[in-house]
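# Observations on the three-dimensional arrangement
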Amino acid sequence: MKKIEAIIKPFKLEDVKDGLGQIGLSGLTVSEVKGFGRQKGHTELYRGAEYVVDFLPKVKIELIVDDKNYKKAIEVIIKHANTGKIGDGKIFVYEVSEAIRIRTGETGDEAVWQNNYNKNLKEIKIWIKKHYKNL
């Protein structure tokens, strides 16, 4: 599993989220963050006074992707977050050694992806029908 962190411009969040949804990826964490890189902020005028804005507002998206699909997720983020201007952001990729669903104690892939939840739900329904035929 890979963890992808993308720092992007806030107005591109919906585009990126929709793009990831189109390739079947859901479940992401979004944080409002501030920072600067080469852009190093900018100056603004407020009531006639000029001041420097060092930290610019950004959005950090975090998602967990399986090893075979993470490159596609990166392509989608780049496609939908790119404006061609300075400050478009960065993408970082990390190896995930373990994941645990707190509620159930599931670990690994089962803790992350919903298709396992749906599989378990089907198994539960089959068990109920088998043991409670009158339902």
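Numbering of residues starts from 1 in every chain and runs along the sequence as written. Local features in this predicted model are restricted to residues of pLDDT 70 or higher, and side-chain atom pairs are both shown and tallied only at a pLDDT of 80 or more, whereas totals for entire chains, interfaces and linings draw on every residue. As a rule here, side-chain values come from all non-hydrogen atoms in the structure, and water together with hydrogens is ignored.

## What about the overall build of the protein chain?
What counts as a helix is a DSSP run of H or I of at least four residues, what counts as a strand is a run of E of at least two, and both are numbered from the N terminus. A tally of regular secondary structure across the protein chain gives four helices and six strands. Counted from the first residue to the last, the protein chain has its helices and strands arranged as β-α-β-β-β-β-α-β-α-α. Summary of the burial criterion: residues with accessible area below 20% of their type's maximum are buried, those above 50% are exposed, and those between are partly exposed, where the area comes from a 1.4 Å probe applied to protein chains only. The buried share of the protein chain, reckoned over its 135 residues, is 28%. Long-range pairs, those at least 24 residues apart, make up 69% of the contacts in the protein chain with a sequence separation of at least 6. Every accessible area reported is derived by Shrake-Rupley at a probe size of 1.4 Å, with residue values counting cover from the shown protein chains alone. Accessible surface, the protein chain: about 10,100 Å² in total, of which carbon and sulfur atoms supply 52%. We call two residues contacting when some pair of their heavy atoms lies within 4.5 Å.

## Looking at the nonpolar core
Within this scheme, the nonpolar core is defined by two criteria: the residues are buried Ala, Val, Leu, Ile, Met, Phe, Trp, Tyr or Cys, and they are joined through side-chain atoms within 4.5 Å. Core analysis: the largest hydrophobic core is formed by 17 residues, its most contacted members being Ile4, Leu20, Ile61 and Leu63. At the level of elements, strand 1 (2-8), helix 1 (13-22), strand 5 (56-65) and helix 2 (70-81) are the ones that each hand at least two residues to this core. Residues within four places of leucine 63 in sequence aside, it is in contact with Lys2, Lys3, Ile4, Leu20, Leu25, Gly27, Leu28 and Ile77. If you look at the next biggest cluster of nonpolar residues, it comprises five residues, including Met1, Val96, Ala111 and Trp113.

## Some thoughts on helix 2
Under the convention used throughout, the expected extent of a helix is 1.5 Å for every residue step, that is, one less than its residue count. Under the 1.5 Å per step criterion, the end-to-end length of helix 2 is 16 Å for 12 residues, consistent within 8% with the ideal 16 Å. Taken together, the buried positions of helix 2 are Tyr70, Ala73, Ile74, Val76, Ile77 and Ala81. Down the axis of helix 2, the buried set is contained in an arc of 160 degrees. They therefore lie on one face. Exposed residues lying more than 90 degrees from the buried face of helix 2 are Lys71 and Lys79. Against strand 1, helix 1, strand 5 and strand 6 (89-95) lie the buried residues of helix 2. Our arc is simply the arc of the directions from the helix axis toward the C-beta atoms.

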